[in-house]
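As a plain string of letters, each chain reads:
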Amino acid sequence: MASIKVLFLLTAGLISYEEFHQTWKLLSSHLKLEISDNAISDLAQSIDFNKDGSIDINEFMEAFRLVDLSAHVE
């Protein structure tokens, strides 16, 4: 459910830090994972490459591309 919310928000073009935070909290509760508010904030800020206070679809996709690339580094 949470991933669907992210997709809908991102297809609108932008997701605010607050929407990102709420989605991560929901996702982590469903997955029974602990993630602190500070960790979510740090993640949002690291994805917001242009530092405009929101995450657009390009920033979101680039962040996951970088994570995927780092998984393949030996």
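Residues numbered from 1 in each chain as written. Predicted model: local features only at pLDDT ≥ 70, side-chain atom pairs only at ≥ 80, totals over all residues. Heavy atoms only, no water.

Per an unreviewed UniProt entry, the recorded name for the protein chain is EF-hand domain-containing protein, and the organism is Periophthalmus magnuspinnatus.

**Student:** Would you explain the nonpolar core in this entry?
**Tutor:** Membership of the largest hydrophobic core is limited to eight residues, which are I15, F20, I40, A44, I47, I55, F60 and A63. Of the residues forming this core, the biggest block, three residues, is contributed by helix α3 (residues 37-47). Filtering out sequence-adjacent residues up to four positions away, A63 remains in contact with I47 and F49. (Core = buried A, V, L, I, M, F, W, Y, C linked by side-chain atoms within 4.5 Å. Buried < 20%, exposed > 50% of the residue type's maximum accessible area, 1.4 Å probe, protein only. Helix = DSSP H or I, 4+ residues; strand = E, 2+ residues; numbered from the N terminus. Contact = heavy atoms within 4.5 Å.)

**Student:** Before we go on, may I ask you to explain the pattern of salt bridges in this structure?
**Tutor:** Opposite charge on two side chains permits them to pair, given that their charged atoms come into close proximity. Tallying each qualifying case throughout the model produces one salt bridge. The salt bridge involving K25 is made with D37; its shortest N-O contact spans 3.3 Å. Of this pair, K25 sits in helix α2 (residues 17-30) while D37 sits in helix α3, and the two are 12 residues apart along the sequence. When its relative accessible area of 34% is taken as the criterion, K25 is described as partly exposed. What makes D37 partly exposed here is its relative accessible area of 41%. (Salt bridge = Lys/Arg side-chain N within 4 Å of Asp/Glu carboxyl O.)

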